[in-house]
Amino acid sequence: MTSALKHIKVVDLSRILAGPWASQMLADMGAEVIKVERPIKGDDTRFWGPPFIKQATQEQPPQAAYFHCVNRNKQSIAIDITQAQGQQVLKDLIAQADVLIENYKVGGLAKYGLDYQSVKKLNPQLVYCSITGFGQTGPSAHKAGYDGMIQGEGGLMSLTGEPDGMPMKVGVALVDVMTGLYSCNAVLAALMARQHTNEGQHIDIALLDVQVAALANQGMNYLATGENPQRLGNGHPNIVPYQTFATQDGSMILAVGNDSQFVKFCQVAQCPKIAEDPWFASNEQRVINRDKLIPILAAKLASHKSQWWLEQLAEVGVPCGPVNTLEQVFNHPQIKHREMVRKIANQQGEQIDTVASPINLSATPLQYSNAAPDLGQHSYQVLSKTLNYSDDDISTLFSKAVVS
């Protein structure tokens, strides 16, 4: 079977998480992705551990688990782009590429002649995706942006945490992940547009924009009322009951999505009259009277163990679930059935576990060809086979430490 993006070539100048997440998605779909890293150290996330998949050696930096979560299926070439010869190597790669992804500060690549306006002259069909904290324009465009600070500045932390507690960030770098998803979608749209325009284009993606866009119902709640939504812990601002509850032996999440499900829940909980009470009969009234209802339900749910509730509520079609640890997640029978953990070989042939993509394509399935590469592992291969450099030219680049 062929891959969806079999003939697409990507030059990946991005580091950390958002850009590499996007380029890994393209690589999983079959694109040839060449990850361009700085010599000696490479991507910062190689060092972001423990835990480490591989420890550092005299020749190689370490490989943190963090690095492996976003760099499978890629080739690595280490180029010093501060040198003119390194810039030329990169321009030669760009001339053949379909996509370039970068997350330098605004204007950071211009001094090397690698900004969009410059490389567009080399390759008018290039799709050039720039990922920054605040975008290419505006009063904050010059600022660096990291996931945690954007969760705060973009409002997500104000919505997350207990009502009387500190604002909280999400337990994974969610803004970076969402930015990677939006970036990959934008790249695919630009590639489709190129089919009828015969031209590439510049994509401007900002972490702050992504965070604001992803406020979803909470953003619209504010626009509709002009009132700041308040932190509700694990509660839902627009649906009640839709939150975690303590049970006799732990906790579970109850996700009642409509009035008929609430009636069924009350029957299982042996409190059918609550569902008939005008204060609680409709979701609108349950949201308004949340403070009165939740303590009543909490007392009911504390009377049985989690498994009892999960079994009883599943029988009548009321959505609910456990609050699992990652050990429980990766041992979940459904996760195993869906093959959400795959074995993937590194350059030494060792098998490494990787979390699979959730995308399943019937005719062009995703690939899991190789684990995240060593720094510069493919430098010679890219120079000789992709760029057709002579052995003398390659030796010169290596001897001058332009490439490693």
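Anyway, here's the lowdown on the structure attached to this text. Note that the structure is a prediction, hence the values are computed from the model and not measured.

## Comments concerning the overall build of the protein chain
Helices and strands together make up the secondary structure of the protein chain, namely 18 helices and 13 strands. The dimensions of the protein chain, computed from C-alpha atoms along their principal axes, are 85 × 50 × 40 Å. Within the protein chain, the fraction of its 404 residues that count as buried is 44%. Pairs at least 24 residues apart make up 68% of the contacts formed inside the protein chain by residues separated by at least 6 positions.

## Structural notes on helix α7 (residues 174-197)
The end-to-end C-alpha distance of α7, which contains 24 residues, comes to 34 Å, matching closely the 34 Å that a straight helix rising 1.5 Å per residue would cover. Where α7 terminates, the next one or two residues include Asn198, which has phi positive at roughly 60 degrees.

## Considering the pattern of salt bridges
Close approach of charged atoms allows side chains of opposite charge to pair. Under the counting rule described, the total for this entry stands at 10 salt bridges. We note a salt bridge from Asp374 to Lys54, for which the minimum N-O separation is 3.1 Å. Of this pair, Asp374 sits in the loop between β13 (351-355) and α17 (379-386) while Lys54 sits in strand β3 (residues 52-54), placing them 320 residues apart in sequence. Accessibility expressed as a relative area gives 11% for Asp374, which makes it buried. Among the ionic pairs, Arg286 bridges to Asp259, the shortest N-O distance being 2.9 Å. Highlighted residues: Arg286 in helix α12 (residues 283-288) and Asp259 in helix α10 (residues 259-268), separated in sequence by 27 residues.

## Some points on the environment of Gly349
Within the secondary structure, Gly349 is located in the loop between β12 (341-345) and β13. You can call Gly349 partly exposed: its relative accessible area is 48%. For the pair formed by Gly349 and Ala371, sequence separation is 22 residues and the distance between their alpha carbons is 9.6 Å.

## A word on the sheet that holds strand β9 (residues 242-246)
Taken in spatial order, the 3 strands line up as β9-β10-β11 in an open sheet, and their pairing is antiparallel. With one partner strand each, in any of the chains shown, β9 and β11 (320-322) form the two edges of the open sheet. The mean angle between the axes of side-by-side strands here comes to 25 degrees, regardless of whether they run parallel or antiparallel. Direction of pairing for β9 relative to strand β10 (residues 251-255): antiparallel, over a ladder of 5 bridges. The residue of β10 that forms the bridge with Ala246 is Ser251.

Basis of the calculations
Residues numbered from 1 in each chain as written. Predicted model: local features only at pLDDT ≥ 70, side-chain atom pairs only at ≥ 80, totals over all residues. Heavy atoms only, no water. Helix = DSSP H or I, 4+ residues; strand = E, 2+ residues; numbered from the N terminus. Buried < 20%, exposed > 50% of the residue type's maximum accessible area, 1.4 Å probe, protein only. Contact = heavy atoms within 4.5 Å. Expected span 1.5 Å × (residues − 1). Salt bridge = Lys/Arg side-chain N within 4 Å of Asp/Glu carboxyl O. Pairing = 2+ DSSP bridges. Axes fitted to C-alpha atoms, helices over the stretch in contact; angles between N-to-C directions.

Purely geometric numbers; function is a separate question.
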